[in-house]
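# Examination of the molecular architecture
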Amino acid sequence: MKTAKADPLPSVGIVTEVKGTYVTARMFENTNNLTYYRNGVTYRGVGTGEYIGIQRGPYKLVGKVLHEYLEDTQKDSNDQEFLKNRFIREVDISIIGAFRQSKFTFGISVFPQIFSEIVLLSSEESLQILTGNTLTIPFPLCIGKTVPEGLKYSLDWPHIFNTHFAIFGNTGSGKSNTLSKIYSELFNTAAKNNWAITNSKFIFIDFNGEYTGDESLTSKKKTIKLNTLSASKGDKIILPRSEFWDIEMLSVLFSATQQTQEPFLRTTLNYFNPGKSQVTKEEIISYITTAFCQVFQNNVQDPRTLNLLKVILSDLQIKLPEDSEITIWLKASWNSNSSTYFSNIYNINYSGLFSHVIKQEKIYFNNIVNKSQFRHLIEETLNQTGVMVDTDWQPLTLLSVFVHLQMIYKLTYGGAQFDFILPLLSRIEAKSKMFNKLIKVSNDDSDNLSEQYCTIISLRNVNKDAKATIPLLIARYLYKLQKKSLLGEDEITKTTNLIIDEAHNILSVNKNREGDKWRDYRLDVFEEIIKEGRKFGFFLTIASQRPADISATIVSQMHNFIIHRLVNEVDLNMLGNTLNSLDSVSKSAIPSLAPGSAIFTGTSFPLPVMVHIDQLDRSHAPSSDNANLEKLWLPHASKK
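Read on for an overview of the structure. (Residues numbered from 1 in each chain as written. Predicted model: local features only at pLDDT ≥ 70, side-chain atom pairs only at ≥ 80, totals over all residues. Heavy atoms only, no water.)

Another point: a nonpolar patch on the surface. Taken together, the side chains of Leu 629, Leu 632, Trp 633 and Leu 634 define a hydrophobic patch exposed on the protein surface, amounting to about 460 Å² of accessible area. Structurally, Trp 633 can be placed in helix α18 (residues 629-633). With relative accessibility at 63%, the residue Trp 633 sits in the exposed group. (Patch = residues over 30% accessible without salt bridge, like charges linked within 9 Å, V, L, I, M, F, W, Y side chains within 5 Å. Areas by Shrake-Rupley, 256 points an atom, 1.4 Å probe, with all protein chains shown as cover. Salt bridge = Lys/Arg side-chain N within 4 Å of Asp/Glu carboxyl O. Helix = DSSP H or I, 4+ residues; strand = E, 2+ residues; numbered from the N terminus. Buried < 20%, exposed > 50% of the residue type's maximum accessible area, 1.4 Å probe, protein only.)

This part is about the environment of Cys 142. Mapped onto the secondary structure, Cys 142 falls in strand β10 (residues 141-146). For Cys 142 and Ile 182, which are 40 residues apart along the polypeptide, the C-alpha to C-alpha distance reads 8.8 Å. Not counting residues up to four positions away in its chain, the partners in contact with Cys 142 are Lys 152, Tyr 153, Ser 154, Lys 181 and Glu 185. (Contact = heavy atoms within 4.5 Å.)

Spatially, the 11 strands line up as an open sheet ordered β11-β10-β26-β25-β24-β12-β23-β22-β13-β21-β14, and their pairing is mixed. What marks the edges here is a single partner per strand, and that holds for β11 (152-155) and β14 (222-227). Averaged over all pairs of adjacent strands, the angle between their axes in this sheet comes to 25°, without regard to strand direction. Strand direction decides the pairing type here: strand β12 (residues 165-168) and strand β24 (residues 560-563), joined by four bridges, are parallel. In the strand pairing of β24, Phe 165 is matched with Asn 560. (Pairing = 2+ DSSP bridges. Axes fitted to C-alpha atoms, helices over the stretch in contact; angles between N-to-C directions.)

In the sheet, strand β1 (residues 13-19) pairs with strand β9 (residues 117-119) via two bridges, with the strands oriented antiparallel. Each residue of the ladder has a partner; that of Ile 14, found in β9, is Glu 117. Relative to strand β2 (residues 22-27), β1 runs antiparallel, the two sharing six bridges. Looking at the pairing, Glu 17 lines up with Thr 24 of β2. Linkage of β1 to β2, two consecutive antiparallel strands, is achieved through a turn of two residues, within which Gly 20 is found at a positive phi near 65°.

A few words on the environment of Glu 243. Following the sequence through the fold, Glu 243 ends up in helix α3 (residues 241-244). Residue classification places Glu 243 among the buried residues on the basis of a relative accessible area of 5%. Along the sequence, Glu 243 and Leu 481 sit 238 residues apart, while their C-alpha atoms lie 9.7 Å from each other. Ignoring sequence-local partners within four residues, the contact set of Glu 243 consists of Leu 473, Arg 476, Tyr 477 and Lys 480. Among the polar contacts listed, one links the side chain of Glu 243 to the side chain of Lys 480, at a separation of 3.1 Å. (Polar contact = N/O pair within 3.5 Å; in protein donor to acceptor, adjacent residues only side chain to side chain.)

And the structure:
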């Protein structure tokens, strides 16, 4: 006599049509329930998006239900009466793999036949299908439960954090919580089990300041809060001198034209060479003294050089005494007839610098006799206490000084196209104050992006220009640093993960926001990272609510995707054209996903799987909650 436990699970339908990997099956009665229980085992019912088994000898083929419909046996359109035995339930199934000896294998090894029996799959079998036999991974990172099965779902972390992956979803879909949950679980598991996670770096570009809380992501992190919007001091990003003084980076940063402005900038940096060593006070005084000589001593003078000299003195905050002879010189006028600077004497003692040539109570500066004495006068004045602060000048201040010094030289000795170079000088001068608030150049090639394995860079309080440029500077520097760290290594010994939330701010292809050269360079940097970064252990994670705005090259090169609810048709079409790993059922589910639910798909996921991600507690969650209008508008009611 057979026991109940030995009874085989009865078939729930039969195959009626086979079209390659697509199968049509006729279902028996009572197969509509969501879940079935037998001998203490839970089985999933038959429905769209569910997995079912098809018996074929020693194989249990696995298929996904794509569609279901009713077949009318009477086929009489004039008779609309519903009868129990009139309609037959049929489903369309896509074959994805098979079980043999309790192990699931993807791909087609054998085809079903007509009259092959349809059987239900247990929860354990469903989980094995969804996770691809990864249940034995050590230290699983549980992030939520599968939908609709309700099975605990863990990430295959050895094969997800060494890939590029994207998280897409509309506002309020749970995108930020998913990003936080994934990395929080990683950091917490690493801390509990003493992983050597410091062999990797995780740098978060946080546009909205969502991850700056003390417990957000991890408590063992460095938070850099940049600020350009108020007078209060924010933090600064520290970059090595050699990284900042890069001609390619600076020429693009200030939109230097290739024909005239970029060669001018290159010549300037090659001459002053600020990337080699720290610029000293003595060097600055020598540069300014030479500039004075070029403006006032040169046989050929130019009416534009004096204003350039004043900009230099202003940039360096040089405070000259009111009674200084140099102050009088800076008030000089221009004589267009003689093409020289002049000044009224006003009984000023010029210490014998000039010859007797004085015309109508005016002194012309090109009549200087003792040029070495003039140079000594400038140096002596600049060396006086309080005139110039002996400090480590800000990098953008120095750049502004150098380009203006170079322009003075070009105007007095020929070879300058002033009208073409002037826009570059104006851009550098305008942006230098902003960047000086954000960037510090180290003299010992150190940085503050490597002090902790996790670094948060908050751009919440910076302006639009900074949000466009800072992420590029960071990405470019970290990528070069990662490649440099592997020189001479036979294998990857350390990795860098750059995580960019609200990535459309930096990866947009919108042509109306900026110049073509800047956009092209910005995208070239990130496209190189996405194409070549894996070889050097550099991985990119992006999150965005507008995937269609992001470069198609970047999206197409992503290895894995976590897709929350998206309703915009342009976004959906972009994903449909890019992701060949999404089946029709998963694609159709995207616009109606519940908040917190997402579809995981890509190279690290054997099949698209819908997961509801666990909500982080308030102390660890990102600061992205909606406003509580009941609390704001009904203060008395909220206290009840």
